[in-house]
Amino acid sequence: MVTRENIAIIIPFHKNIEMLRLSLHTLETTLCGNKPQIIIIANNYNSDELKFFEEDFYDYDIYKISENLFWPGAVNYGAKCTDKRYLLFCDPDLFYTDSWMDNLIKCFNHHENAGVISAKIINPLNNRIMDFGMGYNHFNTIHIGKNLPYNHPSTLADRRVQAACGAVFLTSHDLFDRVNGIDTMMPYIYCDNDYSVKIANLGYETWVAGKSIVYHKGNTDKNNSKYEKFKYLREDSKAAFYAKNQAKIKIDIFDCFMYIYNWIKSTGFHFQYGYYLYNFCTLLDSEEYIRLFPSLGMNIINQENITLAQRDLDQINLCDYIPTKMIYSNMPFIYFVDNFTSLQNNDLYFRLRDISKDIAVDRQCNIIFVSDIKTKLI
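Residues numbered from 1 in each chain as written. Predicted model: local features only at pLDDT ≥ 70, side-chain atom pairs only at ≥ 80, totals over all residues. Heavy atoms only, no water.

Chemist: Which parts of the structure should I look at to understand the side chain of His216?
Modeler: With respect to the element layout, His216 can be found in strand β12 (residues 205-216). Given a relative accessible area of 8%, His216 falls into the buried group. Within the structure, His216 has its side chain in polar contact with the side chain of Asp91 (distance 3.4 Å). (Helix = DSSP H or I, 4+ residues; strand = E, 2+ residues; numbered from the N terminus. Buried < 20%, exposed > 50% of the residue type's maximum accessible area, 1.4 Å probe, protein only. Polar contact = N/O pair within 3.5 Å; in protein donor to acceptor, adjacent residues only side chain to side chain.)

Encoded structure:
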């Protein structure tokens with residue numbers, strides 16, 4: 001049974017002491033005085049980044065290492081510094097909300113075979129989901145529900161997933177040791193995915209807790225040291241993961257769709273039209289998604305593929321791509337895009353076209369009513 005008393009929170013820290021101070025302030029506020037052991041693994045080749053006074057953090061166990069350990073090395077080091085039964089890894093750029101930790105613990109204790117639990121991780125700039133569980137298409141991870149509002153009804157319950165974001169990671173110390181911790185050959189990304197693969201081989205599950213909410217700066221911060229200095233490690237880390245785990249992961253696009261599809265069905269809505277599909281998606285395996293649409297009730301009667309020069313565009317101006325005669329067509333459309341948020345701010349198009357039956361689908365397995373995009377309900 002997980003409790004606050006048998007958890008060690010391990011925070012890997014590289015640079016930006018003021019960010020860490022603010023993060024710890026929100027942590028202290030949410031713990032209400034009853035806090036577990038907190039360990040800070042401060043690591044940086046540049047020792048000037050580690051010149052902070054321990055008396056400012058007198059309540060924490062601080063370890064200073066004059067090298068770049070990266071996330072895997074830092075959390076592995078931290079795990080060796082405690083004898084607590086459970087380990088909770090928390091990034092230094094997290095900002096915590098009330099009851100986040102208690103809800104994380106409840107999720108762990110509720111699911112018998114839970115091996116690792118993560119939180120619902122929110123973008124601090126727009127209150128949208130950054131991470132709430134991952135699946136896989138053929139070449140990339142699917143961040144299920146990414147960019148939905150943090151309180152979207154389809155994301156309120158705990159969910160079992162193939163992988164979860166390591167920015168918040170609650171696991172048992174024994175299990176962590178049994179799988180030799182985090183693989184340091186993936187220092188930039190996918191090492192958290194790899195951990196879920198390793199524990200799955202032992203019969204343990206990965207869950208995300210619907211009521212445990214934290215904000216994460218991550219790649220929203222241009223000064224984030226990971227994205228600023230170590231981006232060159234991204235492709236090597238991804239390649240290392242797939243070389244190691246290609247045969248162990250499941251292509252689960254359909255399962256990822258089911259989270260939001262089941263919620264849509266629960267509202268009483270039924271897809272009942274033949275749709276004209278505009279495929280803006282840049283994925284090499286986009287047709288794998290499209291083949292699933294009829295199983296989700298979205299029957300395609302015609303399809304047009306549109307080539308975009310960049311993945312995850314911030315904005316797609318629909319008037320530039322949809323012919324005039326089609327804008328005024330009564331036929332309902334599906335817009336298959338990388339991210340549904342790229343369809344926002346199409347005010348002229350939304351004024352000209354009746355989009356009441358139109359649907360947006362994206363590569364993160366979101367299914368969105370375009371009318372909700374127009375009225376900014378989502």
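Chemist: I keep staring at the packing of aromatic side chains and nothing clicks. Help me out?
Modeler: What describes a pair of aromatic rings is the distance from one ring centre to the other and the angle between the planes of the rings. What the rule picks out here adds up to 30 aromatic pairs. Relative to Phe333, the ring of Tyr278 lies with its centre 5.2 Å away and its plane at 75°, an arrangement referred to as edge-to-face. Taken together, the residues span a long stretch of sequence, with Tyr278 in strand β13 (residues 274-279) and Phe333 in strand β15 (residues 333-337) at a distance of 55 residues. Residue classification places Tyr278 among the buried residues on the basis of a relative accessible area of 0%. A centroid spacing of 6.2 Å and a plane angle of 65° characterise the contact between Tyr349 and Phe350, whose relative ring orientation is edge-to-face. Linked through ring pairs, Tyr276, Tyr278, Phe333, Tyr335, Tyr349 and Phe350 together constitute an aromatic cluster. In this arrangement the basic side chain of Lys120 is found over the ring face of Phe132, its NZ or CZ atom lying 5.3 Å from the centre. Arg159 extends its terminal NZ or CZ atom over the ring of Tyr259, reaching a point 4.1 Å from the ring centre. (Phe/Tyr/Trp six-rings, centres within 6.5 Å; stacked < 30°, edge-to-face > 60°. Lys NZ or Arg CZ within 6 Å of the ring centre and 35° of its normal.)

Chemist: What is the right way to read the layout of surface pockets from this model?
Modeler: The calculated volume of the second largest pocket comes to roughly 380 Å³. Together, 22 residues line the second largest pocket, and Arg160, Val161, Gln162, Lys250 and Asp252 are the ones closest to its centre. Every element with two or more residues in the lining of the second largest pocket is listed here: β8 (134-136), β10 (159-161), α5 (191-200), β12 and α8 (253-266). Residue contributions to the lining of the second largest pocket peak at four residues, all from α8. (1 Å grid on protein atoms, 1.4 Å probe; cavity = no way out; pocket = protein on both sides within 12 Å on 5 of 7 lines; lining within 4 Å. Points joined across faces, edges and corners; volume = space filled by probe spheres on them.)

Worth remembering: the numbers are spatial, not functional.
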